[in-house]
Structure formats: structure tokens, C-alpha cells
Amino acid sequence: MAAAPITMPTANKVQTNLMSYAAGIVAGLGYNVVSNITGSGLIGGAISSAVAGSLVEGVLGQVIAVNAGFAQGSRGMGALGMGNILGGAKKSSGNGAGVIATI
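How each quantity is defined
Residues numbered from 1 in each chain as written. Predicted model: local features only at pLDDT ≥ 70, side-chain atom pairs only at ≥ 80, totals over all residues. Heavy atoms only, no water. Patch = residues over 30% accessible without salt bridge, like charges linked within 9 Å, V, L, I, M, F, W, Y side chains within 5 Å. Areas by Shrake-Rupley, 256 points an atom, 1.4 Å probe, with all protein chains shown as cover. Salt bridge = Lys/Arg side-chain N within 4 Å of Asp/Glu carboxyl O. Helix = DSSP H or I, 4+ residues; strand = E, 2+ residues; numbered from the N terminus. Buried < 20%, exposed > 50% of the residue type's maximum accessible area, 1.4 Å probe, protein only. Axes fitted to C-alpha atoms, helices over the stretch in contact; angles between N-to-C directions. Parallel < 35°, antiparallel > 145°, perpendicular 65-115°, else oblique. Left-handed = near helix turned anticlockwise from the far one by under 90°. Contact = heavy atoms within 4.5 Å. Core = buried A, V, L, I, M, F, W, Y, C linked by side-chain atoms within 4.5 Å. Expected span 1.5 Å × (residues − 1). pLDDT = per-residue confidence, 0-100. Arc of directions from axis to C-beta. Polar contact = N/O pair within 3.5 Å; in protein donor to acceptor, adjacent residues only side chain to side chain.

Draft legend 1. How the structure looks around a nonpolar patch on the surface. Residues Leu18, Tyr21, Ile25 and Leu29 make up a contiguous nonpolar surface patch of about 440 Å² in total accessible area. Note that leucine 18 resides in helix 1 (residues 11-38). Residue leucine 18 is classed as exposed on the basis of its relative accessible area, which comes to 54%.

Draft legend 2. How the structure looks around the packing of helix 1 against helix 2 (residues 42-54). Here helix 1 crosses helix 2 at 150°, and the two axes come no closer than 8 Å. Judged by the inter-axis angle, helix 1 sits roughly antiparallel to helix 2. Helix 1 and helix 2 meet at a crossing whose hand is right-handed. Only Gly44, Gly45, Ile47, Ser48, Ser49, Val51 and Ala52 of helix 2 make contact with helix 1, whose side of the interface consists of Ala27, Tyr31, Val34, Ser35 and Thr38.

Draft legend 3. Fine view of the nonpolar core. Of all hydrophobic cores here, the largest spans seven residues; its members are Ala23, Ala27, Tyr31, Ala52, Val56, Ile64 and Ala68. Secondary structure elements with two or more residues in this core: helix 1 and helix 3 (58-79). Looking at which element gives the most residues to this core, the answer is helix 1, with three residues. With residues up to four places along the chain from it excluded, the contact list for alanine 52 reads Ala27, Tyr31 and Ile64.

Draft legend 4. Region of interest: helix 1. Here helix 1 spans 40 Å end to end across 28 residues, near enough to the 40 Å set by a 1.5 Å rise per residue. Listed in full, the buried residues belonging to helix 1 are Ala23, Ala27, Gly30, Tyr31, Val34 and Ser35. Glycine 39 sits one or two positions beyond helix 1 and adopts a positive phi of about 90°.

Draft legend 5. Looking closely at the side chain of serine 48. By the element assignment, serine 48 lies in helix 2. Not counting residues up to four positions away in its chain, the partners in contact with serine 48 are Tyr31, Val34, Ser35, Thr38 and Gly39.

Draft legend 6. Representation of the confidence of the model for the protein chain. Looking at the protein chain, the pLDDT average stands at 81 and 73% of residues meet or exceed 70. Model confidence for the protein chain, summarised as mean pLDDT per element, is weakest for helix 3 at 83 and strongest for helix 1 at 92.

Draft legend 7. Structural view of helix 2. Along its 13 residues, helix 2 runs 18 Å from first to last C-alpha, staying within 8% of the 18 Å computed at 1.5 Å per residue. Turning to helix 2, its buried residues number three or more, namely Gly44, Gly45, Ser48, Ser49, Ala52 and Gly53. Viewed end-on, helix 2 has its buried residues packed into an arc of 160°, placing them on one side of the element. Turned more than 90 degrees away from the buried face of helix 2, the exposed residues are Ile43 and Ser54.

Draft legend 8. Focus on the side chain of serine 35. If you trace the backbone, serine 35 turns up in helix 1. You can call serine 35 buried: its relative accessible area is 15%. Here asparagine 32 takes part through its backbone oxygen, which lies 3.2 Å from a polar atom of the side chain of serine 35. Beyond its immediate chain neighbours, meaning those up to four positions away, serine 35 contacts Ser40 and Ser48.

Dropping the structure here:
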């Protein structure tokens, strides 16, 4: 794996990342509002993820939609008892339901 360059933080980089953080908060609030209306199932989660991603312009909105969809999918697989389908980590509760580890 290639090493990531580490640089000194600049005011512009801090501002850009702070704005991305704020966009994530706004998209998360939008996701919660829409998911309260549509529900948290497969279709409701897809609608909520799409709306959350559309609240933010450009690639950042797509990343938010992908992350929301991934979280929805991992919760759905765990709820079906299929979280360990690829040999993922076990829950510490010992009930046998696996979870998909996220970064």
C-alpha cells in the first residue's frame, strides 16, 4: 500500500474539511427526517440515502449516498442474520449474529 503524504494543515484545508463536516451534518439530518417518513427498510433506506446525497452538490453528495447505502446494507444483512456470510467479526453479545466491520 502506498504511503499517504502527510502535510501541515493550512487554513484553506481546515476550512474545506470543516465545510465537508457541516455538509455531512446537514445530510444526516435530512436522512433522519426522510427516514422517519419512508421507514428504514430497503426501499425507505434507498430513498433516504438518495435524498441525503442530493442535499450536497457534487462528489461529496455521492459519497454521502454511498456511505448511507453501505450502512443501510450492513444493518439489513445483520438483521437477517447474514452479517457473517463472508466470515466477518462476531458480536460480543455471543448471540451468533455477525456484523460487517466498517472503517
